[in-house]
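Coordinate analysis (summary)
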Amino acid sequence: MTLASTKGPPKFAAFPRGLSSIASSVAVLAMFLIFASWLLVLHPIGTTVREYFYGDDRKLVLPASTFDQSADKDLDYNDKNSSSGSKLALPVFSSNSSSVVDNNENPQVSSISSVTKDSLPSESNVELPTIPKESVDSKNNEMLEKPVEHSEPSSKAEENKVDTSSSASRNTSEIHSVDSSCDLYDGKWFYDPQGPLYTYKSCPVITQMQNCQGNGRPDKEYENWRWKPSQCDLPRFNAKKFLELMRGKTLAFVGDSVARNQMESMLCLLWQVEVPKNRGNRRMQRWYFKSTSVMIVRMWSSWLVHQTSENFDFAPEGVAKLHLDVPDNSFMEFIPSFDVIVISSGHWFAKQSVYILSNEIVGGQLWWPDPSRPMKVNNIEAFGVSVETILSAILAHPNYTGLTILRSFSPDHYEGGAWNTGGSCTGKVKPLATGELVENGFTDIMHKKQVMGFGRAIEKGIGKSKLRLMDVTKVFGYRHDGHPGPYRSPDPNKITKRGPDGKPPPQDCLHWCMPGPVDTWNELVLETIRREFEGDPKFSS
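Residues numbered from 1 in each chain as written. Predicted model: local features only at pLDDT ≥ 70, side-chain atom pairs only at ≥ 80, totals over all residues. Heavy atoms only, no water.

Re the sheet that holds strand E5 (residues 285-289)
Condition: What makes two strands pair is DSSP finding at least two bridges between them. In this description a helix means any DSSP run of H or I spanning at least four residues, a strand means any run of E spanning at least two, and both kinds are numbered starting from the N terminus. Contact between two residues is taken to exist if any of their heavy atoms lie within 4.5 Å; hydrogens are not considered. A fitted line through C-alpha atoms serves as each axis, taken over the contacting stretch for helices, and the angle formed by two N-to-C directions is quoted from 0 to 180°.
An order of E4-E5-E6-E3-E9-E12-E13 is seen for the seven strands of this open sheet, with the pairing classed as mixed. The open sheet has two free edges, formed respectively by strand E4 (277-278) and strand E13 (466-470), since each of these has just one partner strand. Bridge count for strand E3 (residues 250-255) against strand E6 (residues 294-300) is six bridges, and the pairing is parallel. Within the sheet, the bridge partner assigned to alanine 252 lies in E6 and is valine 297. Of the strands in this sheet, strand E9 (340-343), strand E12 (403-407) and E13 are in contact with helix H7 (residues 379-396), which crosses E12 at around 170°.

Quick look at the structure:
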């Protein structure tokens, strides 16, 4: 008997074959659905759409294109007779009181013997940071190059010396709560044999002029000194702690090239745990840390107040006009999108400019055409007014409820003259000891005016945001060893020693080596943020 007979009505004969086809189709469809679900888990549609519109891709944008030089619109110029106090009836300063001149993104790049407005290159001519041969993959960054260890100074720390005792560094590397009532700015520098948290090889975003080791600086001890408050410990920077505190938030650095110096330090510290994505544009630099949706922003503002170059009254076109009572709207329009702002300024007030208050010219720096006409405001007073103006505007902004940190005036260390008259910091290899600090009249009075402006803004502040002072001026007055000095480029033929006539080579004693003392600024930023954010429900979301 044949069971599979083909006889009978056609529809019954075809039935087994149709059932088999349907079963096969169902199996294929099930496999497709399983595969598609797996793909969606790995690559959500929402993420793909967001990446398409906001540039949140998985490709690392290398830093060679990071620093859009056109973003810093201000020209890098210094008049050959530039000083911070010349031609003005100012207080008597120390011998290096006129040395604080910030050359935008190019510190002291031209020959000291011949400095003109046109001889200094603009930021567009700065050598861009390059990617080191070592991979910048975050996994590879876990194994950082160990810094050369230095033994602690052989002599015991005396009362009038920098503290190098092991007790000073006890528990400073541990992450723990710091007493919020502790004064962070009263303390000592101590030698930490652990060294920095990154090297010039593990951070690809260091501006070449601050890449001291990459430029051949022979000593490294300046990288190992850390700040120890007298009444508490300041923990080493913890990148994961920072990213968690700032989850979903934006931190903006606003100011001049020294603010850029601090921003790059922050990036280097964070880079060791996560490689960020470059999402910057012509108006601002932006780095995005995807794991916690944290954005680090940098915006250029030379004076923090409104600046124009057109003719104004008897001031001709081309000279910078500063409206001291009007904030710089080039960044003020963005502050509602910021959660923390670290703001700083000061060094550009040594540059040529005209000061305007209530639409009246009241003074100028390196510009005053009529000696018979009395000036009402000099550059130091102008700085104080500008600080009050910008901080008051931030506090009064109806749509900004974040935290603003004013980083105080950063001291320079040109000894024996100004930046263009033979001032030098060459050969400084460790911090000044307690009692050795040399007062700088210009730095002191700029700091005083800044703090006064801060106080006046606090007095009339009526907004919902918070304002804190990060008072680093005296603390960093001890760190004459932390500047690039003559090691501003990788040129193997650069001059690094004094000439036969004793004249020092061109050097930068204003900006800070990276890694170096500037990293302490961001330890202080982290501690300030921790004090404000932990336990505050407004910042917890």
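There's plenty left to go through after this.
Brief notes about the nonpolar core
Selection rule: Throughout this description, the term nonpolar core refers to a set of buried Ala, Val, Leu, Ile, Met, Phe, Trp, Tyr and Cys residues connected via side-chain atoms within 4.5 Å. Accessible area is worked out with a 1.4 Å probe on protein chains only. A residue is then buried under 20% of its type maximum, exposed over 50%, and partly exposed in between.
Formed by 57 residues in total, the largest nonpolar core has its most connected members in Phe242, Leu251, Met266, Leu270, Ile296 and Ile529. At eight residues, the largest contribution of residues to this core is made by helix H5 (residues 257-271). Counting residues in hydrophobic clusters, the runner-up holds 44 residues, among them Met295, Val387, Ala393 and Ile445.

Description of empty space enclosed by the protein
Note the cut-off: Put plainly, a pocket is an open set of points on a 1 Å grid over the protein atoms alone with protein on both sides within 12 Å along at least five of seven lines, a cavity is a set where a 1.4 Å probe fits but cannot get out, and a lining residue has an atom within 4 Å of a point. Grid points are joined across faces, edges and corners, and a volume is the space filled by probe spheres set on the points. In this classification, Asp, Glu, Lys and Arg are treated as charged, Ala, Val, Leu, Ile, Met, Phe, Trp, Tyr, Cys and Pro as nonpolar, and every other residue, Gly included, as polar.
One pass over the full model with this rule turns up five cavities of 30 Å³ or more. Each pocket or cavity is described by its volume, and for the largest cavity that value is around 170 Å³. Taken together, 16 residues form the lining of the largest cavity, with Pro196, Glu223, Arg226, Asp519 and Glu523 sitting closest to its centre. Here the lining of the largest cavity gets three residues from one element, more than from any other, and that element is helix H10 (residues 518-533). In terms of residue class, the lining of the largest cavity is made up of seven nonpolar, three polar and six charged.

Some words on H5
Every α-helix winds through 3.6 residues per turn, so residues three or four apart in the chain are directed the same way. Applicable threshold: Expected span, for any helix, means 1.5 Å times one less than how many residues it has. Whenever two N or O atoms come within 3.5 Å, that pair is a polar contact, provided that in protein one can donate a hydrogen and the other can accept it, and provided that, for residues adjacent in sequence, both atoms are side-chain atoms.
Here H5 contains 15 residues, and its C-alpha end-to-end distance of 20 Å stays within 8% of the 21 Å for a straight helix at 1.5 Å per residue. Counting buried residues along H5, 15 of its 15 residues qualify, which places the element largely inside the surrounding structure. You can read the cap of H5 off the contacts: a side-chain oxygen lies 3.0 Å from the backbone nitrogen of valine 258, and it is on aspartate 256.

What about the state of the cysteines?
For clarity, the threshold we go by: Pairs of cysteine sulfur atoms within 2.5 Å are what we label disulfides.
In this structure the tally under the stated criterion is four disulfides. Paired through a disulfide, cysteine 182 and cysteine 232 show a sulfur-sulfur distance of 2.1 Å. Measuring the twist about the S-S bond at about -75°, one finds the cysteine 182-cysteine 232 disulfide to be left-handed. Linking cysteine 182 in the loop between helix H3 (138-141) and strand E1 (187-191) with cysteine 232 in the loop between strand E2 (225-229) and helix H4 (239-245), this pair joins segments that are 50 residues apart in sequence.

Focus on the sheet that holds strand E8 (residues 321-327)
Taken together, the four strands give an open sheet; going across it, the order is E7-E8-E10-E11, and neighbouring strands pair in mixed fashion. In this open sheet, the two strands that pair with only one neighbour each are strand E7 (305-308) and strand E11 (360-365). Neighbour-to-neighbour, the strand axes of the sheet open up by a mean angle of 35°, direction not taken into account. Sheet topology places E8 next to strand E10 (residues 353-357); three bridges connect them, and they run parallel. Bridging from a neighbouring strand, leucine 322 pairs with tyrosine 355 of E10.

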